[in-house]
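Structural overview for review
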Amino acid sequence: MDLYEHQARELFADHGIVVPRAEVTGSPKQAREIARRLGGRVVVKAQVKTGGRGKAGGVKLAADPAAAELTARQILGMDIKGHTVETVMLAQPVDIESEFYVSYVLDRAAGGFLAIASAEGGMDIEEVAATRPGAVARVPVDPAEGVTPAVAARIADAAGLPARTVDILVRLWEVLVREDALLVEVNPLVSTRDGQIMALDGKVTLDDNALFRQARWGDEADTGHDPLEAAAAAKGLNYVKLDGEVGIIGNGAGLVMSTLDVVAGCGARPANFLDIGGGASAQVMADGLSVVLSDPSVKSVFVNVFGGITACDAVADGIVRALDTVRLTKPLVVRLDGNNAERGRALLDERAHPLVEQVTTMDGAASRAAHLATTP
């Protein structure tokens, strides 16, 4: 469960982290009044659950209340990476001396958390990480020990952060632990010219398994997701939207992750992660195909299934039945392997849908799906 920036800042303030005064509205006229209350000159920021708002024009400085109303009117309704801006946050501007980046993120592979920090925060942090990885420190955090002042000092030293950030690093860890978060990020964390350390932005992702402890956010925290992700969630599907052209459907998270890598290795980009799990009934396949085909960026679909508890013939039957309810508009490449694979292939051959083709190997199927998606 992702929080909006203003909600993340609320958590920071609850844990003693200084944030500039700010208010949220969905009305340009109210934006004028808020700016007046905040002193006139304000930063107007789109409230959407995605990054890159600044480069998309969703963060602007307004010199006075009238400009704040005009700027809010320009930003409200904008589309930022598929997210429509419905509210803006107006915040007091800060006299910045230095910008930093700090975050804690769950490291599933290592069975712990990872502190990521840099003395070069701001909008270009992704470029810094890509071109000068040495400027970004990555420090493993033992969940049993947590971030004590000593651990925070090691993180600050590794990233080249000033000693004044140590207390903030400890408090951010408290946010992560006490609020059931999987990710806590501040970009930028700034040092002001009068010596304060402040969080100017915030991103927090809460653990869905702890929603029963996070009722304070109500339904607001669940809005603003990608529309396809919302549609998939309503159907009980484990779907994540990606920026690619090959739709991916598989059974088992590990297999789907491997499928993403193989498709990328074939020169195409996966359009999504969709794990149908152990059940591949006709309804599950129909729902999965419906969601994937609803993505206008999808040019081909790759169904990759390894039959185990759910046999391949049951999966193939699900696909055949789904084709009776879902209008297939993009080529569908199917790879079946494992339990009853031959019978499953025969069922698909009998259906003989003109847009469905089978490839027996994972690499071959990925290559074919990539070719179909990238060839005019």
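Conventions adopted
Residues numbered from 1 in each chain as written. Predicted model: local features only at pLDDT ≥ 70, side-chain atom pairs only at ≥ 80, totals over all residues. Heavy atoms only, no water. Phe/Tyr/Trp six-rings, centres within 6.5 Å; stacked < 30°, edge-to-face > 60°. Helix = DSSP H or I, 4+ residues; strand = E, 2+ residues; numbered from the N terminus. Buried < 20%, exposed > 50% of the residue type's maximum accessible area, 1.4 Å probe, protein only. Lys NZ or Arg CZ within 6 Å of the ring centre and 35° of its normal. Polar contact = N/O pair within 3.5 Å; in protein donor to acceptor, adjacent residues only side chain to side chain. UniProt positions renumbered as here; feature names shortened; annotations may be inferred. Contact = heavy atoms within 4.5 Å. Salt bridge = Lys/Arg side-chain N within 4 Å of Asp/Glu carboxyl O. Pairing = 2+ DSSP bridges. Axes fitted to C-alpha atoms, helices over the stretch in contact; angles between N-to-C directions. Parallel < 35°, antiparallel > 145°, perpendicular 65-115°, else oblique. Left-handed = near helix turned anticlockwise from the far one by under 90°. Core = buried A, V, L, I, M, F, W, Y, C linked by side-chain atoms within 4.5 Å. Expected span 1.5 Å × (residues − 1). Arc of directions from axis to C-beta.

**So, the packing of aromatic side chains**
Applying the stated criterion across every chain, the model contains 2 aromatic pairs. When the ring of Tyr-104 is compared with that of Trp-173, the centres are 5.4 Å apart and the planes differ by 80°; the resulting orientation is edge-to-face. Residue Tyr-104 is found in strand β7 (residues 96–107), and its partner Trp-173 is found in helix α6 (residues 166–178); the two are separated by 69 residues along the sequence. Trp-173 shares its class with Tyr-104; the two are buried. When the ring of Phe-113 is compared with that of Trp-173, the centres are 5.5 Å apart and the planes differ by 90°; the resulting orientation is edge-to-face. Here Phe-113 is found in strand β8 (residues 112–118), whereas its partner Trp-173 is found in helix α6, with 60 residues between them in sequence. Take Trp-173: its relative accessible area is 9%, and that puts it in the buried class. In this arrangement the basic side chain of Lys-49 is found over the ring face of Tyr-4, its NZ or CZ atom lying 4.6 Å from the centre.

**Considerations on the side chain of Lys-49**
Inspection of the secondary structure assignment puts Lys-49 in the loop between β2 (42–46) and β3 (59–62). Within the structure, the side chain of Lys-49 is placed 2.9 Å from the backbone oxygen of Asp-2, a separation counted as a polar contact.

**A look at the UniProt feature "binding site: Mg(2+)" (unreviewed entry) in the protein chain**
The feature "binding site: Mg(2+)" (unreviewed entry), as annotated in UniProt, sits at Asn-187 and Asp-201 in this numbering. Structurally, Asn-187 is set in strand β10 (residues 181–192). A distance of 2.7 Å separates the side chain of Asn-187 from the backbone nitrogen of Gly-122, its partner in a polar contact. One can find Asp-201 in the loop between β11 (197–199) and β12 (203–206). The buried category is assigned to Asp-201, whose relative accessible area is 16%. Contact partners of Asp-201, with chain neighbours within four places excluded, come to Glu-5, Phe-12, Lys-45, Arg-53, Glu-185, Val-186, Asn-187 and Pro-188. A distance of 2.8 Å separates polar atoms of two side chains, one belonging to Asp-201 and the other to Arg-53.

**Considering the pattern of salt bridges**
Oppositely charged side chains can pair when the atoms bearing their charge come close. Inspection of the entire model under this criterion finds 19 salt bridges. Here Asp-95 ties to Arg-193 by a salt bridge, and the two come within 3.0 Å at their closest N and O atoms. With a gap of 98 residues between them, Asp-95 in the loop between β6 (88–91) and β7 and Arg-193 in the loop between β10 and β11 connect regions that are remote in the sequence. Ionic pairing is found between Arg-132 and Glu-120, a salt bridge with its closest N-O pair at 2.5 Å. Of the two residues, Arg-132 is situated in the loop between α4 (125–131) and β9 (136–141) and Glu-120 in the loop between β8 and α4; the sequence distance between them amounts to 12 residues.

**Some details on the sheet that holds β3**
Strand order in the open sheet formed by 4 strands is β1-β6-β2-β3, and the pairing between neighbours is antiparallel. Only two strands of the sheet have a single partner each, and these edge strands are β1 (22–25) and β3. Neighbouring strand axes in the sheet, compared pairwise and without regard to direction, differ in orientation by 25° on average. Sheet topology note: the β2/β6 ladder contains 4 bridges and is antiparallel. Looking across to β6, one finds that Val-43 is bridged to Ala-91. Each of β1, β2 and β6 touches helix α1 (residues 5–14); the most contacted strand, β6, lies at about 45° to it.

**A word on the packing of helix α9 (residues 282–293) against helix α10 (residues 312–323)**
Two elements in contact, α9 and α10, have axes separated by 7 Å at closest approach and are oriented at 60°. Looking at the two axes, α9 sits oblique to α10. Considering only the axes of α9 and α10, their crossing is right-handed. Residues Ala-282, Met-285, Ala-286 and Leu-289 of α9 pack against Gly-318, Ile-319, Arg-321 and Ala-322 of α10.

**Regarding the nonpolar core**
Considering soluble globular proteins, one finds that nonpolar side chains tend to be buried as a cluster. With 38 residues, the main nonpolar core has Phe-12, Tyr-104, Val-147, Ile-155 and Leu-172 as its most contacted residues. Dropping the residues within four chain positions of it, Tyr-104 is found in contact with Leu-114, Ala-115, Val-141, Val-147, Ile-155, Leu-169, Leu-172, Trp-173, Leu-176, Leu-182, Leu-183 and Val-184. Ranked by size, the runner-up nonpolar core spans 34 residues in total, among them Ile-276, Val-291, Cys-312 and Val-334.

**Focus: helix α12 (residues 362–374)**
For α12, with 13 residues, the first-to-last C-alpha span of 18 Å sits near the 18 Å given by 1.5 Å per residue. Regarding α12, the residues found buried are Met-362, Ala-365, Ala-366, Ala-369, Ala-370 and Ala-373. On an axial view of α12, the arc spanned by its buried residues comes to 130°, and they lie on one face. Next to the buried residues of α12 lie β14 (246–250), α8 (253–265), β16 (300–307) and β17 (332–338). A distance of 3.0 Å separates the backbone nitrogen of Gly-364 from a side-chain oxygen at the start of α12, and that oxygen is part of Thr-361.

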